[in-house]
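If you want the building blocks of each chain, they are given just below.
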Amino acid sequence: MSEELHEIRLRVNGAEHTATVPARRLLSDCLRQDLGLTGTHVGCEHGVCGACTVRVDGRPTRSCLMFAVSAQGHEITTVEGLAEPDGTLHPVQRAFRECHGLQCGFCTPGFLTVVSAYLEDNPDPTEEEAREAVGGNLCRCTGYQNIVKAVLRAAEIRREEAAAAPGGERAAGAGERR
Amino acid sequence: MSETTAPASTGLPTATRDGVGASPLRPDGALKATGEFAYSSDMWTEDMLWGATLRSPHPHARLLGVDTAAALALPGVHAVLTHEDVPGEKRYGLEYADQPVLAFGKVRYKGEPVAIVAADHPETARRALDRIRVDYEVLEPVSDPLRAAFDPDCPLVHEEGSVPDDGRHRRGGNLARHQPVRTGAFAEGATVEELRARADVVVTGSYEVGMQDQAFLGPESGLAVPAEDGGVDLYVATQWLHVDQGQIAPCLGLAPDKVRLALAGVGGAFGAREDLSMQVHACLLALRARRPVKIVYNREESFLGHVHRHPARMEYEHGATGDGALLYAVARIVLDGGAYTSTTPAVVGVAASMGVGPYAIPNVRVDAYGVYTTNPPCGAMRGFGAVQACFGYESQMDALAARLGAHPVDLRVANALAQGSRVITGQRIDAPLPMAEMLLRARDAPMPPGRSALPDPADPRTLPGGVSATVLGEGVVRGVGYAVGMKNLCFSEGFDDYSTARVRLESVGGGPAVTVHTAAAEVGQGLVTVQGQIARTELGVERVTVLPADTRVGSAGSSSASRQTYMTGGAVKAACEAVRERVLALARERGPVPPGARLSLSGGAVVSASGDVLVPLAELLDGSPVEETREYHHRATRMVDPVNGQGDSHVQFGMCVHRAVVDVDVELGLVKVVEMTAVQDVGRAVHPQQLVGQIQGATAQGVGLALMEEVQVADGVIRNPSFTDYLIPTVLDTPPMRIDVLECPDPAAPYGLRGAGEPGTLSSTPAVAAAVRAATGRALTRVPIRPEDIVGLPAPRRRR
Ligand code: FES
Ligand code: FES
């Protein structure tokens, strides 16, 4: 193969990675195949299902619609990077588990990355807002009821934690985790 | 969000936390939330190759030759295989072995596998596919199921004698099965005209159900690893490991024990993983290349790579007396099975026996047909033949209610089946069936507030069409619709359906621990949670590990037909009971147990009838684990007869009632489902939270079939094989739901439970259709309902 390859450096979940890829390698494929981060799932390959969503500089981004080379210089967070380094689950992860917001779980990483970002800007959504927040992600198993519940529950956990944290109430909604 | 009433307790002893009736966290939940759970598409070994599949571009063609030389010459390619390389049986299938591993002689659908490649990179594999030359002689597609079924001059999809026949079903021509049912006067040979003359009211209708896709999110995939003993280990997402093994091994020319399967993470199933997809291909390539081979379908290939829900064409006629008592029903249900048999005969069996629904009708004539065409193969999807029929008979019930001026719920209640009634196959319903109560509960559930009660009725988010709506809701009309559906649960028609469980109780690190091993496929439904709950309840031990499912233990049957909690739950329960008996015997033998004392297991100990701890299990079992394996069989069923369709063919019946509330923009033809209420009797809720999740998921899939989901096939070609063009409901298409769960135990079932995965998919679709009819006054005889059906535009001419 004569195709030109690029040596790229990616910052994923706080760690530096290198990979050698053609310019057209999708970020989703690069994460899964070159970096072995298979928590990012591919359900449709073209931006519809949201299963491949990662956070790029904090913003939810469909990794099947982005080239790996263009992710250089950005901070990428995948589902594997949501939990604390000590393994404590992110409030969104806890809420989806508690509320049975996942069945097969294939869609889950995409929902978690989207909702983790959403709650940073909207710490206290109404049910209607919670529905809209996940309007761009497909789930075939749950019928979404428990996903909406999980979004609301995650917001609640965040508020509880902020209230319990040093600094108290003031931190809720203002002091963001990441 | 609407409330959901799930039962709080099951009445079972609950000394042990997280047992039957509780809603413990699913054991795989944390891994799924952290991204560590390994789906079949995540399988990986250092030296693995990637497999890819060349598929027929024609729905129907003679295969003249395949030239693989150029593909093999490509650097990085390790194997290119055609049907000539299949060492064993060339065909497989769930009911008849009629589906070629790789096409030979003829291709019968667009997308049929013709050749497979293994290469060092997926792109190399795809390039190799481009270099395979195939010569076809294109034949005319057989795409009209009615012509295929009833026109004797229609070409045959399968030449006479080419599909193996076990003589169980009426077949011939392009029919995979024709199942008649005749009761009352029809069994005596009465004609429809005679019955019609006796009726005060007659309604007729022609109905159509489009082809639905299961659209699970995790594509078909797996990894085959060649083994030292000449066999192969396959890690795959499937619904039934052993039936896969039973089909794969003969094709590879290997003994079954040389083909070992382990369940990889399954990204949803809904019936689409009951048939084989990439299984044999990956094994063939791995054995040839002597390297692990991974195959992952992309979304387009997934649409070609699994069976769909049978599209149906249905003709119904119902006659009633003036007071609304049903007198007769006639139905002809034609199911397009596509190119290969898959489970079509069983789907026909369900459609026939459930063909006129859960109503007491003295005279019935049903004919259900499964037809071969050169359309994409159809087979299992949640609801399995009962979904299609339910749209037909419930549409009829609404039409009849309208003609009689009766409330649709009243008409249904007046004709409802109940415990002790007979279904049309003559089988007596021997378990509770609170159909009338369920209907009334659905009707009496609180209504969502009307549009005028909204803070801002012009807020586009509340309108059909959502934020892309271009109007202010001037043409929006609300409608309410009801439907009820009944489905047989577990495998029917004489199939010896069983599940196997191995349970081990031992002392680990000073405490008692249970290990449960089955081959049952966790596909998302939460079976892995339920197995643990049952073990906790039966053995009084909280620490339970459910081992990964594989073929090192006996078959658990399929994760389909709503059967796993019943069947594998039953097997785990039976194995636990056997373990318990041995443990109690051991306690009597070794422990300080008063002779004749009634003992049980609770809180990790052997306890007396009064609850005193006699001996802790950790102590009793120290160094001597107790292990038992049990098979659980449900009660025997039998085949219905081929002429009148009579016989006790079913194990259990499940029922769900839906009420749909919709807002329809009658000018734009857009629908917003405002709320869905579901009432379902589950016998006993083993895990209320997961149970409700099943009903919600089923309801959403039914809403999808009502309003948006259709695999569009023209001349045998799927026109929309992507999630851009095949639409499944998002959260914004899915309304808040009210789920009302009843528990009327079935004495024949473990814990009295009733399978719960499917019933909600039946009634959801016709309830939405009824609500849209109520809002628009249109007949709406086809699902999915399209905007042009609502506004009454003539159907657009099909463009080629
Ligand atoms: S895989 Fe990226 S959106 Fe579906
Ligand atoms: S849980 Fe299966 S797709 Fe969402």
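As the structure is a computational prediction, the values presented were derived from the model and not from experiment.

S.K.: Explain the overall build of chain A here, please?
M.R.: If you tally the helices and strands in chain A, you get 5 helices and 5 strands. Sequence-ordered secondary structure for chain A, helices as α and strands as β, is β-β-α-β-β-β-α-α-α-α. The globule rule puts the C-alpha radius of gyration for 178 residues at 16 Å, and the 17 Å found for chain A is close to it. Considering only C-alpha atoms, chain A reaches an extent of 55 × 35 × 25 Å along its principal axes. Here chain A, with 178 residues, has 54% of them falling under the buried criterion. In chain A, of all internal contacts separated by at least 6 residues, the share reaching a separation of at least 24 is 57%.

S.K.: Looking at this model, I keep getting lost on the overall build of chain B. Mind explaining?
M.R.: The helix and strand inventory of chain B stands at 18 helices and 34 strands. Relative to the compact-globule value of 28 Å for 800 residues, chain B shows a C-alpha radius of gyration of 27 Å, a close match. Considered along the principal axes of its C-alpha atoms, chain B spans approximately 80 × 75 × 60 Å. Counting all 800 residues of chain B, 60% fall into the buried class. Intrachain contacts of chain B at a sequence separation of at least 6 include 80% that bridge at least 24 residues.

S.K.: Would you mind showing me how to read the confidence of the model for chain A here?
M.R.: Reading fine detail from the predicted coordinates is not recommended where pLDDT is low. Looking at chain A as a whole, its pLDDT mean stands at 93, while 92% of the residues score no less than 70. Of the regions scoring below 50 in pLDDT, residues 170–178 of chain A engages in 10 contacts with residues more than four places distant in sequence or in other chains.

S.K.: Even after reading the chapter, I still don't get the pairing of strand E25 (residues 599–602) of chain B, so can you show me in this structure?
M.R.: Looking along a regular strand, one sees the side chains alternate between the two faces of the sheet. Taking every second residue as pointing to the same face, the buried face of E25(B) carries Leu599(B) and Leu601(B), while none of Ser600(B) and Ser602(B) on the other face is buried. Between E25(B) and strand E26 (residues 605–608) of chain B, which pair antiparallel one after the other, the connecting turn spans 2 residues, and Gly603(B) there sits at a positive phi close to 55°.

S.K.: Teacher, can you tell me more about the packing of helix H10 (residues 386–404) of chain B against helix H17 (residues 759–776) of chain B here?
M.R.: When two helices pack together, their arrangement is given by the angle between the helix axes and by the axis-to-axis distance. Residue and element names in this part refer to chain B. The interhelical angle for the contact between H10 and H17, taken along N-to-C directions, is 35°, at an axis separation of 8 Å. Once H10 is placed against H17, the crossing between them reads as right-handed. For the pair H10 and H17, the contacting residues are Ala386, Val387, Cys390, Phe391, Glu394, Ser395 and Asp398 in the first and Thr761, Leu762, Ser763, Thr765, Pro766, Ala769, Ala770 and Arg773 in the second. The residue inventory of the contact of H10 with H17, partitioned by class, reads 8 nonpolar, 4 polar and 3 charged.

S.K.: What am I meant to see in the interface of chain A and chain B here?
M.R.: One frequent convention defines the size of an interface as the accessible area lost when the parts assemble. Between chain A and chain B, the contact holds 43 residues from the first and 41 residues from the second. Secondary-structure elements contributing two or more residues to the side of chain A that touches chain B are helix H2 (91–98), helix H3 (108–121), helix H4 (127–133) and helix H5 (145–164) of chain A. Here the side of chain A that touches chain B takes 5 residues from H5(A), the largest share from any one element. A breakdown of the residues in the side of chain A that touches chain B according to their chemical character gives 20 nonpolar, 15 polar and 8 charged.

S.K.: I'm lost on the sheet that holds strand E14 (residues 259–263) of chain B in this one. Help?
M.R.: Pairing between the strands of a sheet comes from backbone hydrogen bonds, and it takes one of two forms, parallel or antiparallel. Residue and element names in this part refer to chain B. With mixed pairing, the 7 strands of this open sheet are ordered in space as E4-E8-E2-E15-E12-E13-E14. Only two strands of the sheet have a single neighbouring strand rather than two, namely strand E4 (77–81) and E14. Within this sheet the neighbouring strands show an average axis-to-axis angle of 20°, counted without direction. Relative to strand E15 (residues 293–296), strand E12 (residues 221–226) runs antiparallel, the two being bridged by 4 bridges. Across the sheet, the residue bridging to Ser221 is Val296, located in E15. Contacting strand E2 (49–55), E4 and strand E8 (113–119), helix H3 (residues 122–130) crosses the sheet at an angle of about 30° to E2. The sheet strands contacting helix H7 (residues 279–289) are E2, E4, E8, E12, strand E13 (232–236), E14 and E15, and the helix crosses E12 at an angle near 30°.

S.K.: How should I be thinking about the domain arrangement of chain B in this particular structure?
M.R.: All names here are of chain B. Per the domain assignment, the segments making up chain B are domain 1 (7–23 + 498–633), domain 2 (40–139 + 219–266 + 273–301), domain 3 (145–213 + 308–389) and domain 4 (434–489 + 650–791). On a C-alpha basis, the centroid separation for the pair domain 1 and domain 4 is 38 Å. The partner domain 4 presents 20 residues to the 18 residues of domain 1 that form the contact. Taken together, the elements giving at least two residues each to the side of domain 1 that touches domain 4 come down to helix H13 (527–539) and helix H14 (564–590). In terms of residues, the side of domain 1 that touches domain 4 owes the most to one element, H14, which gives 5 residues. Across the side of domain 1 that touches domain 4, the residue classes break down as 5 nonpolar, 11 polar and 2 charged.

S.K.: Can you help me understand the UniProt feature "domain: Aldehyde oxidase/xanthine dehydrogenase a/b hammerhead" (unreviewed entry) in chain B in this one?
M.R.: Those places that UniProt annotates as "domain: Aldehyde oxidase/xanthine dehydrogenase a/b hammerhead" (unreviewed entry) correspond, in this numbering, to residues 34–140 of chain B. For residues 34–140 of chain B, helix accounts for 13% and strand for 36%, while the C-alpha atoms at its two ends are 51 Å apart.

S.K.: So what exactly am I meant to see when it comes to the domain arrangement of chain A here?
M.R.: All names here are of chain A. When cut into domains, chain A gives domain 1 (5–81) and domain 2 (91–171). The straight-line distance from the C-alpha centre of domain 1 to that of domain 2 is 22 Å. Counting from both sides, the interface comprises 15 residues of domain 1 and, opposite them, 11 residues of domain 2. When residues of the side of domain 1 that touches domain 2 are traced back to their parent elements, those giving at least two are strand E3 (53–56) and strand E4 (59–62). Considering each element in turn, the side of domain 1 that touches domain 2 owes the most residues, 3 residues, to E3. Residue composition of the side of domain 1 that touches domain 2, by class: 6 nonpolar, 7 polar and 2 charged.

S.K.: Just checking my understanding: could you explain unusual backbone geometry for this structure?
M.R.: Leaving glycine aside, a negative phi is the common case for residues, and trans is the common case for peptide bonds. Residues and elements named next belong to chain B. For the bond running from Val783 to Pro784, omega is -5°, close enough to zero to count as cis. Of note in this structure, Ala215 is not a glycine but carries a positive phi near 50°. Within the secondary structure, Ala215 is located in the loop between strand E11 (201–209) and E12. Residue classification places Ala215 among the buried positions, given that 27 C-beta atoms sit within 10 Å.

S.K.: Looking at this model, I keep getting lost on the packing of helix H16 (residues 688–707) of chain B against H17(B). Mind explaining?
M.R.: Residue and element names in this part refer to chain B. The geometry of H16 relative to H17 is characterised by a closest axis approach of 7 Å and an angle of 40° between their N-to-C directions. Taken as axis vectors, H16 and H17 run oblique relative to one another. In this structure, H16 crosses over H17, and the sense of that crossing is right-handed. Contacts from Ile695, Ala698, Thr699, Gln701, Gly702, Val703, Leu705, Ala706 and Leu707 in H16 reach Gly760, Thr761, Ser764, Thr765, Val768 and Ala769 in H17. Of the residues assigned to the contact of H16 with H17, the class counts are 8 nonpolar, 7 polar and no charged.

S.K.: What is the right way to look at the confidence of the model for chain B in this model?
M.R.: Residue and element names in this part refer to chain B. Across chain B, pLDDT averages 95, with 97% of residues at or above 70. This model gives residues 5–14 a pLDDT under 50, and the stretch forms 22 contacts once residues within four places in sequence are excluded. Scored as a complex, the prediction yields pTM 0.96 and ipTM 0.96.

S.K.: Any chance you could explain the sheet that holds strand E27 (residues 613–616) of chain B here in plain terms?
M.R.: Residues and elements named next belong to chain B. Across the sheet, which stays open at both edges, the 3 strands sit in the order E25-E26-E27 with antiparallel pairing between neighbours. At either end of the open sheet lies a strand with only one pairing partner, and these are E25 and E27. On average, adjacent strands in this sheet sit at an angle of 30° to one another, irrespective of strand direction. Note: E25 against E26, 4 bridges, orientation antiparallel.

S.K.: Would you mind showing me how to read the pairing of E4(A) here?
M.R.: All names here are of chain A. Where E3 and E4 come together, 4 bridges link them in antiparallel fashion. Bridge pairing in E4 links Val54 to Thr61. Counted between consecutive antiparallel strands, the loop separating E3 from E4 contains 2 residues, among which Asp57 sits at a positive phi close to 50°.

S.K.: When you look at the nonpolar core in this model, what are you seeing that I'm missing?
M.R.: Across soluble globular proteins, you tend to see nonpolar side chains buried next to one another. By size, the foremost hydrophobic cluster in this structure holds 305 residues, and its most contacted members are Val115(A), Val117(B), Cys283(B), Val662(B), Val768(B), Ala771(B) and Val772(B). When neighbours within four sequence positions are excluded, Val772(B) is seen to be in contact with Gly479(B), Val662(B), Val664(B), Val671(B), Leu780(B), Ile785(B) and Ile790(B).

S.K.: Just to check I follow, could you spell out H3(A) for this structure?
M.R.: Think of an α-helix as 3.6 residues a turn; residues three or four steps apart then line up on the same face. Between its first and last C-alpha atoms H3(A) spans 20 Å; for 14 residues at 1.5 Å apiece the expected length is 20 Å, and the two agree. Burial runs high along H3(A): 12 of the 14 residues are buried. Among the residues of H3(A), those classed as buried are Thr108(A), Pro109(A), Gly110(A), Phe111(A), Leu112(A), Thr113(A), Val114(A), Val115(A), Ser116(A), Ala117(A), Tyr118(A) and Leu119(A). Turning to H3(A), the residues buried within the fold contact E3, E4, H2, H4 and H5 of chain A together with helix H1 (29–34) of chain B.

S.K.: Honestly, the environment of His121(B) in this entry has me stumped. Any pointers?
M.R.: Residue and element names in this part refer to chain B. One can find His121 in the loop between E8 and H3. The exposure class of His121 is partly exposed, given the 13 C-beta atoms found within 10 Å. Along the chain, His121 and Val615 lie 494 residues apart, while their C-alpha atoms are 60 Å from each other.

S.K.: How should I be thinking about the environment of Leu727(B) in this particular structure?
M.R.: Looking at the element boundaries, Leu727(B) is found in the loop between strand E32 (717–718) and strand E33 (737–742). For the pair formed by Leu727(B) and Leu707(B), sequence separation is 20 residues and the distance between their alpha carbons is 9.6 Å.

Cut-off values and rules
- Numbers given to residues run from 1 along each chain, matching the order in which its sequence is written.
- Both sets of labels track the order of writing: A upward for chains, 1 upward for ligands.
- Given that this is a predicted model, residues contribute local features only at a pLDDT of at least 70 and side-chain atom pairs are listed and counted only at 80 or more, while totals for whole chains, interfaces and linings are drawn from all residues.
- A run of H or I in DSSP counts as a helix once it spans at least four residues, and a run of E counts as a strand once it spans at least two, with each numbered from the N terminus.
- Put simply, the radius of gyration uses C-alpha atoms, and a globule should come to 2.2 Å times the residue count raised to 0.38.
- Exposed residues have 12 or fewer other C-beta atoms within 10 Å of their own C-beta, buried residues have 20 or more, and residues in between are partly exposed; the C-beta atoms are placed from the backbone.
- Our contact criterion uses C-beta atoms placed from the backbone: two residues qualify when those atoms are within 7 Å.
- Per-residue confidence from the prediction method is given by pLDDT, with values spanning 0 to 100.
- Two strands pair if DSSP finds at least two bridges between them.
- Axes here refer to lines fitted to C-alpha atoms; in helices the fit is confined to the stretch in contact. Angles between the N-to-C directions go from 0 to 180 degrees.
- Should the near helix be turned anticlockwise from the far one by less than a right angle, the crossing is termed left-handed; should it be turned clockwise, right-handed.
- Polarity classes work like this: nonpolar for Ala, Val, Leu, Ile, Met, Phe, Trp, Tyr, Cys and Pro, charged for Asp, Glu, Lys and Arg, and polar for all others, with Gly in that last group.
- Domain boundaries shown here were taken from an automatic or database domain assignment.
- UniProt positions are given in the numbering used here, feature names are shortened, and annotations may be inferred rather than shown by experiment.
- Relative orientations are named as follows: roughly parallel for angles under 35 degrees, roughly antiparallel for angles over 145 degrees, roughly perpendicular for angles from 65 to 115 degrees, and oblique for any other angle.
- Here, a nonpolar core means buried Ala, Val, Leu, Ile, Met, Phe, Trp, Tyr and Cys residues linked by C-beta atoms lying within 7 Å of one another.
- Any helix carries an expected span of 1.5 Å times its number of residues minus one.

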